[in-house]
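Structural features, examined
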Amino acid sequence: MQPLALVVDDEPDICELLTLTLRRMDVRSHTAASLAEALRLLGENRYDFCLTDMRLPDGDGLRLVEHIQEQRDNDLPVAVITAHGNMDTAISALKLGAFDFVSKPVDLERLRSLVQLALRLNQKRNEMRARRADQLLQGEADNMCALRRQIAKVARSDAPIYISGESGSGKELAARSIHAQGARADKPFVPINCGAIPKELMESEFFGHRKGSFTGAHKDKPGLMQSAEGGTLFLDEVADLPLDMQVKLLRAIQEKRVRPIGANEEVPIDVRILSATHRDLAREVAEGRFRSDLYYRINVIEIAVPPLRERVGDIPLLADTIMRRIAANAGVAAPRLSGEALETLKHYPFPGNVRQLENTLERAFTLSDQRLVRAEDLLLDRETTHVMEAPEPQPNAQSAAAPPAAKGYPGQFDPGHHRSLDEFLQNIEREAIESALMETRWNRTAAAQKLGISFRSLRYRLKKLGLED
């Protein structure tokens with residue numbers, strides 16, 4: 001699949017020159033003449049590279065650079081076009097996270113070198129994602145060794161695979177590992193969270209649409225299935241698909257063709273289908289919420305990702321790997337976990353599995369002195385972590401009575417008081433940041449130092465939590 005670039009400039013001649021240059025490099029491109037249009041296109045498409053002018057009718061390129069850097073898990077390389085000799089602006093862009101810059105008048109040879117380097121960088125980042133998947137699927141537990149052997153085996157085929165497992169156990173990591181070890185590794189891996197797409201937009205997101213096919217369809221848009229051409233399409237939480245969409249997806253998989261909304265002809269597709277859900281899909285079929293014909297189509301091979309509580313011995317290795325990655329992203333040395341902290345982690349049931357372990361360690365990294373993570377930094381009460389080891393209650397005359405409510409404690413996640421684990425963690429993060437700001441009289445630089453994070457990281461968190469002035 002050809003790389004796709006976003007070119008942002010309000011001068012038609014420059015857009016045409018850049019588009020032509022990219023086309024000769026076998027790179028497709030979309031163009032935007034304003035900041036607002038660029039932001040819209042970024043929300044609708046997955047780009048491999050972005051090139052933006054600094055002066056736009058409704059803002060400047062620095063705002064676009066900042067927006068891209070603030071997107072979670074977004075590593076899109078972005079370069080800026082600056083006025084000749086304006087190094088101050090170029091340096092500001094680089095500090096905000098721009099990949100590189102090019103001055104006007106644009107040197108086409110310089111531009112070609114920049115684009116080639118950016119695309120190579122994107123490829124390396126994709127390889128790093130695959131390595132991260134392998135790291136978090138590591139472990140010496142028998143069930144994990146069996147899982148890795150199974151992944152290596154099924155990766156060699158092109159059969160549809162269904163990945164089962166609890167929420168947060170690493171189903172997408174398993175899917176990425178299958179893709180990375182298969183024949184389609186050099187093609188796109190496109191994950192879709194089927195439960196996150198509004199029902200009315202689902203067909204357009206999956207299959208694309210033609211310009212004018214409905215209100216708001218201002219231009220042709222390829223669907224996610226076309227975006228995965230030649231590669232792998234990962235249908236996460238596939239059980240959340242409504243029945244009418246299940247019919248359309250089944251036909252697309254069987255015929256290997258899709259019809260974008262408003263199109264007269266079907267478009268051929270070549271993708272490998274991986275799917276996953278935390279639900280019992282066989283039960284969903286039995287209860288009529290999932291089509292049996294689609295179930296058998298996507299479940300040619302099933303692999304199961306074990307929950308973290310079934311491989312407790314791997315927690316120290318996982319914790320070390322995760323903590324090193326968190327510290328590397330923050331640009332500091334990885335702190336050491338105390339023996340008591342490791343024991344606390346090993347005895348906690350982790351209903352949210354590896355994802356919850358990551359969130360716990362990221363929170364502990366923020367709250368600790370970044371040299372040593374202690375048990376209290378984890379905000380997990382040791383007395384309650386042995387819940388898995390509690391004996392089964394013996395039947396007696398009082399067995400019908402409701403059990404006493406579990407005693408709460410600071411730092412405990414209580415579903416009755418918090419809508420989700422993310423909300424719970426955000427509240428903790430907000431309290432820590434507000435406390436640091438008050439102690440430093442709202443000196444953000446001093447507060448960032450006190451929290452052991454960069455100023456840029458603090459600014460991002462303030463915006464995410466709605467704490468900015």
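Residues numbered from 1 in each chain as written. Predicted model: local features only at pLDDT ≥ 70, side-chain atom pairs only at ≥ 80, totals over all residues. Heavy atoms only, no water.

Counting its regular elements, the chain contains 18 helices and 18 strands. A buried classification covers 45% of the 469 residues belonging to the chain. About 24,600 Å² of surface is accessible on the chain, with carbon and sulfur atoms providing 49% of the total. (Helix = DSSP H or I, 4+ residues; strand = E, 2+ residues; numbered from the N terminus. Buried < 20%, exposed > 50% of the residue type's maximum accessible area, 1.4 Å probe, protein only. Areas by Shrake-Rupley, 256 points an atom, 1.4 Å probe, with all protein chains shown as cover.)

Below, the discussion takes up the pattern of salt bridges. Should the charged atoms of two oppositely charged side chains come close, the side chains can pair. Under the defined criterion, the tally for this structure stands at 23 salt bridges. R279 serves as the salt-bridge partner of E284, at 3.5 Å between the closest nitrogen and oxygen. Through salt bridges with shared partners, one network takes in D240, R279, E284, E287 and R289. (Salt bridge = Lys/Arg side-chain N within 4 Å of Asp/Glu carboxyl O.)

This next bit is on the confidence of the model for the chain. Keep in mind that low pLDDT regions are not for reading the predicted coordinates in detail. Confidence along the chain averages 82 in pLDDT terms, with 86% of residues attaining 70 or more. Under a pLDDT of 50 for its full length, residues 382-410 has, in the predicted model, 18 contacts with residues more than four places off or in other chains. (pLDDT = per-residue confidence, 0-100. Contact = heavy atoms within 4.5 Å.)

What follows covers empty space enclosed by the protein. Applying the stated criterion across every chain, the model contains 2 cavities of 30 Å³ or more. Considered as a void within the structure, the second largest cavity measures approximately 40 Å³ in volume. Lining the second largest cavity are H30, L41, E44, N45, K219, D220, K221 and P222. Residue assignment for the lining of the second largest cavity shows that the elements contributing at least two residues are α2 (35-44) and β11 (221-222). Here the residues of the lining of the second largest cavity sort into 2 nonpolar, 2 polar and 4 charged. (1 Å grid on protein atoms, 1.4 Å probe; cavity = no way out; pocket = protein on both sides within 12 Å on 5 of 7 lines; lining within 4 Å. Points joined across faces, edges and corners; volume = space filled by probe spheres on them. Nonpolar A, V, L, I, M, F, W, Y, C, P; charged D, E, K, R; others polar.)

Position of L17 relative to the elements: it lies in helix α1 (residues 12-24). Using a relative accessible area of 36% as the deciding quantity, one classes L17 as partly exposed. When the C-alpha atoms of L17 and L108 are compared, they prove to be 9.1 Å apart, with 91 residues separating the residues in sequence.

A separate point is the nonpolar core. F206, M225 and L235 are the most contacted members of the largest nonpolar core, which totals 31 residues. Within the residue set of this core, elements represented by two or more residues are β9 (189-193), α8 (202-207), α9 (224-227), β12 (232-236), α10 (243-255), α11 (281-286) and α12 (292-298). Ranked by the residues each element gives to this core, the list is headed by α10, at 5 residues. When residues no more than four places from it in sequence are discounted, the contact partners of F206 are I192, C194, I197, G223, L224, M225, Q226, L235, L241, M245 and L249. Residues L4, V80, L96 and F101 belong to the second largest nonpolar core, which totals 23 residues. (Core = buried A, V, L, I, M, F, W, Y, C linked by side-chain atoms within 4.5 Å.)

Across the interface, α2 lies against helix α3 (residues 61-70) with an axial gap of 10 Å and an inter-helix angle of 20°. On the basis of the axis angle, α2 is roughly parallel to α3. Read as a crossing pair, α2 and α3 show a hand that is right-handed. Listed contacts from α3 to L35, A38, L39 and L42 of α2 are R63, L64, H67 and I68. Each residue belonging to the contact of α2 with α3 can be placed in one class, and the counts come to 6 nonpolar, 1 polar and 1 charged. (Axes fitted to C-alpha atoms, helices over the stretch in contact; angles between N-to-C directions. Parallel < 35°, antiparallel > 145°, perpendicular 65-115°, else oblique. Left-handed = near helix turned anticlockwise from the far one by under 90°.)

The next subject is the sheet that holds strand β3 (residues 49-53). Here we have 5 strands laid out as an open sheet, ordered β2-β1-β3-β6-β7, and parallel in their pairing. For this open sheet the edge positions go to β2 (28-32) and β7 (100-103), each flanked by a neighbour on one side alone. Pairs of neighbouring strands in the sheet enclose a mean axial angle of 20°, with direction left out of account. Sheet topology places strand β1 (residues 4-8) next to β3; 4 bridges connect them, and they run parallel. Bridge assignment links V7 to a residue of β3, and that residue is L51. Set on the sheet, α2 makes contact with β1 and β2; between it and β2 the angle comes to about 140°. α3 contacts β1, β3 and β6 (78-82) of the sheet and is inclined by roughly 155° relative to β3. (Pairing = 2+ DSSP bridges.)

For the bond from K104 to P105, the omega torsion is -10°, close enough to zero to count as cis. Following the sequence through the fold, P105 ends up in the loop between β7 and α5 (108-136). The phi angle at K256 is positive, at roughly 55°, despite the residue not being glycine. Structurally, the position occupied by K256 is in the loop between α10 and β13 (257-258).

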